[in-house]
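# Chains, contacts and geometry: an overview
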Amino acid sequence: MTTTPTSPTDNRVILDDADVARAITRLASSLVEAERGTDRLVLLGIHTRGVPLARRIRASIEAIEGVEVPLGELDITMYRDDLRRQPTRPVGRTRVPVSIDGATVVLVDDVLYSGRTVVAALDALKDLGRPAAVRLVVLVDRGHREVPVRPDHVGRDLPTAADEHVSVLLREIDGIDEVRLGRAPAEPTPTTDREENR
Amino acid sequence: MKHLLSAGDLSLDEVMSLLDLAEQMHDVQSRSIKKLPALRGRTIINMFFEDSTRTRTSFELAGKWLSADTINISAKGSSVSKGESMKDTMRTLDAMGVDAFVIRHAGSGTVHQAAGWVRASVINAGDGQHEHPTQALLDAYTMRRHFRDALGAEPGDRPFAGRTVLITGDLLHSRVVRSNVLLLRTLGARTIICAPPTLMPSGAASWPVEVTNDFDAALPEADIVMMLRVQRERMTSGYFPSEREYIAGWGLTATRMARMKDSAAICHPGPMNRGLEISSEAADAANSLILDQVSAGVAVRMAALYQILGGEGDVA
């Protein structure tokens, strides 16, 4: 869930830019450690903020291991379970540079909330090939799961109330690196990880 | 977007987002599993009251690749041949709960009228000599790709600015030209239309285009040379003395190709009369985009179906 950086409802900074950088470095090294290297790894960022996040994790892996891991992006708009309940949504780019058959696909996203985005991403992967394994890396896990989904690597566990609002801001899109927690603006409780793709 | 009836109804933003979406859909076409779940549970009826191969097939594929259920109905073999009116047939199907009708009909304006009869969305797949908006969209998609990939235009909102599109052929009987003229105006291209005087629509002077009968003079100015089919099946009398005379004045021959700009490309919506409006040399030339147009057809129609049926709440 993200809003513009100037939104007055985003009042508490949970992670500043140094914290975000450290979290990304740690995610990269714990991923490489858990997978015992980078063999057959493919990083897929989930639109929108998972994409720059995946790119940074890749840079971090390169710094640690000296290996360039294949990087792609996944738009799950057309796989959403609430597609028909909303006005027609814009669709982002899906680009997977290598075959994912037999690969270990690492899904990267900014916030894990209901888990429905991850379910949609798994559905999307199914149409792209058959990975040997799928892992989930998120910068923030804010809880309130609605489906049985669990992340493999988490930048920050952030217990939240349902009416709170987590904003992940990334330099590439928002100009700064920051994670904020605030009161949600007056709108219906979202049942998905994010409200909008762009 | 509730219906897609005329290329002229689309704003520049709508056209651009349709073309961008079509790029994503085009990528899906190269996958081994060419299917997206976006329209699961939706039902689309393809009603073709006129013969068609590529348009009908591409609409059917577009619907299927988006996981909609598509049903084809042709006039022959349906209750239309028992004398039921098109209106009653459509209202019957509408009552069954379908979500969209894709209609091709020989009567100009029929599809607009049909949109008023049913609750479902209506998409114009060609009405008589009036309009064929998805053809114009796929032409625009193909031209935009050419401007960007071959000519290195900056990806921006105005890839058609400063470009000249020359449309030549049987304009009188063409619905493609009408939709293209409307869309190219929205896109900001300069459009020249060219035909023998007998095949020039009477109202062409009021269109937002330059009108000429002189193909040779217009040819060197064009960035896109779009040839349209001589529609013999719609011709009720002699519009030109002989095929040889038509070719001499308005056929894209190998000799004429030499007059084109080096960077110019050739389009034809198909089906082609090889050796009449277009020579085989031109149709199969390296700068021919004709197969690109066909390939874009499914992607563009997927984009249009998604825009119309993909969500809820923005319908008028």
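Please read these numbers as outputs of a predicted model, since none were measured by experiment.

How each quantity is defined
- Residues numbered from 1 in each chain as written.
- Chains lettered and ligands numbered in written order.
- Predicted model: local features only at pLDDT ≥ 70, side-chain atom pairs only at ≥ 80, totals over all residues.
- Heavy atoms only, no water.
- Helix = DSSP H or I, 4+ residues; strand = E, 2+ residues; numbered from the N terminus.
- Buried < 20%, exposed > 50% of the residue type's maximum accessible area, 1.4 Å probe, protein only.
- Contact = heavy atoms within 4.5 Å.
- Areas by Shrake-Rupley, 256 points an atom, 1.4 Å probe, with all protein chains shown as cover.
- Buried area = accessible area lost by both parts, 1.4 Å probe.
- Salt bridge = Lys/Arg side-chain N within 4 Å of Asp/Glu carboxyl O.
- Polar contact = N/O pair within 3.5 Å; in protein donor to acceptor, adjacent residues only side chain to side chain.
- Disulfide = S-S within 2.5 Å.
- Domains from an automatic or database assignment.
- 1 Å grid on protein atoms, 1.4 Å probe; cavity = no way out; pocket = protein on both sides within 12 Å on 5 of 7 lines; lining within 4 Å.
- Points joined across faces, edges and corners; volume = space filled by probe spheres on them.
- Nonpolar A, V, L, I, M, F, W, Y, C, P; charged D, E, K, R; others polar.
- Pairing = 2+ DSSP bridges.
- Axes fitted to C-alpha atoms, helices over the stretch in contact; angles between N-to-C directions.

### Considering the overall build of chain A
- Looking only at helices and strands, chain A features four helices and eight strands.
- From first element to last, N terminus to C terminus, chain A shows the α and β order β-α-β-α-β-β-α-β-β-β-α-β.
- When each of the 198 residues of chain A is scored for burial, the buried share is 54%.
- Of the contacts formed within chain A by residues at least 6 apart in sequence, a portion of 71% connects residues at least 24 apart.
- If you sum the accessible surface of chain A, you get close to 8700 Å²; carbon and sulfur atoms cover 49% of it.

### So, the interface of chain B and chain A
- With 20 residues of chain B in contact, the opposing surface of chain A contributes 17 residues.
- Both faces combined, the contact of chain B with chain A buries some 1600 Å², and carbon together with sulfur accounts for 52% of it.
- Applying the counting rule to chain B against chain A returns zero salt bridges.
- The interface formed by chain B and chain A contains four residue pairs in polar contact (both at pLDDT 80 or more).
- Secondary structure elements with two or more residues in the side of chain B that touches chain A: α1 (12-29) and α11 (290-309) of chain B.

### Observations regarding the state of the cysteines
Residue and element names in this part refer to chain B.
- Taken as a whole, this structure holds zero disulfides over all chains when the rule is applied.
- The thiol of Cys194 is unpaired, and the distance to the nearest cysteine sulfur, on Cys267, comes to 16 Å.
- In this structure Cys267 comes out as buried when scored by relative accessible area, which is 0%.

### Description of the domain arrangement of chain B
Residue and element names in this part refer to chain B.
- Looking at chain B, the domain boundaries give domain 1 (7-131 + 295-309) and domain 2 (133-290).
- Relative placement of domain 1 and domain 2: their C-alpha centres are 25 Å apart.
- The partner domain 2 presents 29 residues to the 29 residues of domain 1 that form the contact.
- Taking both sides of the interface into account, the surface hidden between domain 1 and domain 2 amounts to around 2600 Å²; carbon and sulfur atoms contribute 60%.
- At the surface where domain 1 touches domain 2, the tally comes to five salt bridges.
- Of the charged contacts, one joins Glu50 and Arg175 as a salt bridge, the two residues approaching to 3.2 Å between their closest N and O atoms.
- Between the two partners, domain 1 and domain 2, sit eleven residue pairs in polar contact (both at pLDDT 80 or more).
- For the side of domain 1 that touches domain 2, the secondary structure elements donating two or more residues are α1, α2 (54-65), β3 (100-105), β4 (121-127) and α11.
- Element by element, the count of residues in the side of domain 1 that touches domain 2 is highest for α1, at nine residues.

### Overview of the pattern of salt bridges
Residues and elements named next belong to chain B.
- Per the stated rule, a full pass over the model turns up 35 salt bridges over all chains.
- For Arg144, the salt bridge goes to Glu23, with nearest N and O atoms at 3.2 Å. Of the two residues, Arg144 is situated in helix α5 (residues 133-150) and Glu23 in helix α1; the sequence distance between them amounts to 121 residues. In terms of burial, Arg144 and Glu23 fall into one category: buried.

### Things to note about the layout of surface pockets
Residues and elements named next belong to chain B.
- Counted as a void, the largest pocket has a volume near 460 Å³.
- For the lining of the largest pocket, the secondary structure elements donating two or more residues are α2 and α6 (175-187).
- The residue makeup of the lining of the largest pocket, split by class, is four nonpolar, ten polar and eight charged.
- Formed jointly, the lining of the largest pocket draws a minimum of three residues from each of two domains, domain 1 (7-131 + 295-309) and domain 2 (133-290).

### Thoughts on the sheet that holds strand β1 (residues 43-48) of chain B
Residues and elements named next belong to chain B.
- A sheet is described by the order of its strands in space; here four strands give the open sequence β2-β1-β3-β4, paired in parallel fashion. Of all the strands in the sheet, just β2 (69-74) and β4 have a single pairing partner and so form its edges. Ignoring strand direction, the axes of neighbouring strands in this sheet form an average angle of 15 degrees.
- Taken together, the six bridges between β1 and β2 define a ladder with parallel strand orientation. Each residue of the ladder has a partner; that of Ile44, found in β2, is Thr70.
- The strands touched by α2 are β1, β2, β3 and β4; relative to β1, the strand with the most contacts, the crossing angle is about 175 degrees.
- Lying over the sheet, helix α3 (residues 86-95) contacts β1, β2, β3 and β4, oriented at roughly 160 degrees with respect to β3.

### Observations concerning the sheet that holds strand β9 (residues 265-267) of chain B
All names here are of chain B.
- The five strands lie next to each other as β7-β6-β5-β8-β9, forming an open sheet whose pairing is parallel. With one partner strand each, in any of the chains shown, β7 (210-212) and β9 form the two edges of the open sheet. Shown here is a sheet whose adjacent strand axes are inclined to one another by a mean of 20 degrees, direction ignored.
- As paired elements, strand β8 (residues 224-227) and β9 share three bridges and run parallel to each other. Within β9, the residue paired with Val225 across the bridge is Ile266.

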